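Listed here are the chains, written in short residue letters.
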Amino acid sequence: MGTITYMAQMLDAAEGPEATYEFEADEALFDRPRMELIATFMEHVDHVELPKEDVGYEIYSAFKNRDLKVVTALGALRLAHGEIPFMVMISPKPKK
């Protein structure tokens, strides 16, 4: 299996406005359980976006819309200075 680019649009209580992230992952990841896609994105956040933080997280709610190919999750980032509520939508990046 190959890899594709996924996009994650995230809104959090600390930063406010939406941030967009891109990461590479297995092209079949969207077809697996939604928590695997969320975990892959959070690993990217921990190692690439915030490498000096020890990023933990808790997911309160997550659902997958297969027709629109999007996973939506609500939860909290756990950082050294406290928890930050967030919402994220993750989907395969559209091909141009």
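Please refer to the structure higher up on the page.
What counts and what doesn't
- Residues numbered from 1 in each chain as written.
- Predicted model: local features only at pLDDT ≥ 70, side-chain atom pairs only at ≥ 80, totals over all residues.
- Heavy atoms only, no water.
- Core = buried A, V, L, I, M, F, W, Y, C linked by side-chain atoms within 4.5 Å.
- Buried < 20%, exposed > 50% of the residue type's maximum accessible area, 1.4 Å probe, protein only.
- Helix = DSSP H or I, 4+ residues; strand = E, 2+ residues; numbered from the N terminus.
- Contact = heavy atoms within 4.5 Å.
- Salt bridge = Lys/Arg side-chain N within 4 Å of Asp/Glu carboxyl O.

Chemist: Help me get a handle on the nonpolar core, residues and values and all.
Modeler: In terms of nonpolar packing, the biggest core is built from 24 residues, with Met10, Phe23, Leu37, Ile38, Phe41, Val88 and Ile90 touching the most fellow members. Among the elements that take part in this core, helix H1 (residues 34-49) stands out by supplying five residues, more than any other. Setting aside anything within four residues of it in sequence, one finds isoleucine 38 in contact with Tyr57, Ile59, Ala62, Val71, Ala73 and Ile90.

Chemist: Now, about the pattern of salt bridges: what can you tell me, with residues and values included?
Modeler: If you walk through the whole model with that rule in mind, you get five salt bridges. In this structure, glutamate 22 and lysine 93 form a salt bridge, with 3.0 Å as the shortest nitrogen-oxygen distance. Linking glutamate 22 in strand S2 (residues 16-26) with lysine 93 in the segment after strand S5 (82-92), this pair joins segments that are 71 residues apart in sequence. Relative accessible area serves as the criterion here: at 30%, lysine 93 is assigned to the partly exposed category. Where aspartate 26 meets arginine 32, a salt bridge forms, and the shortest distance between an N and an O atom there is 3.5 Å. Its relative accessible area of 32% is what places arginine 32 among the partly exposed residues.

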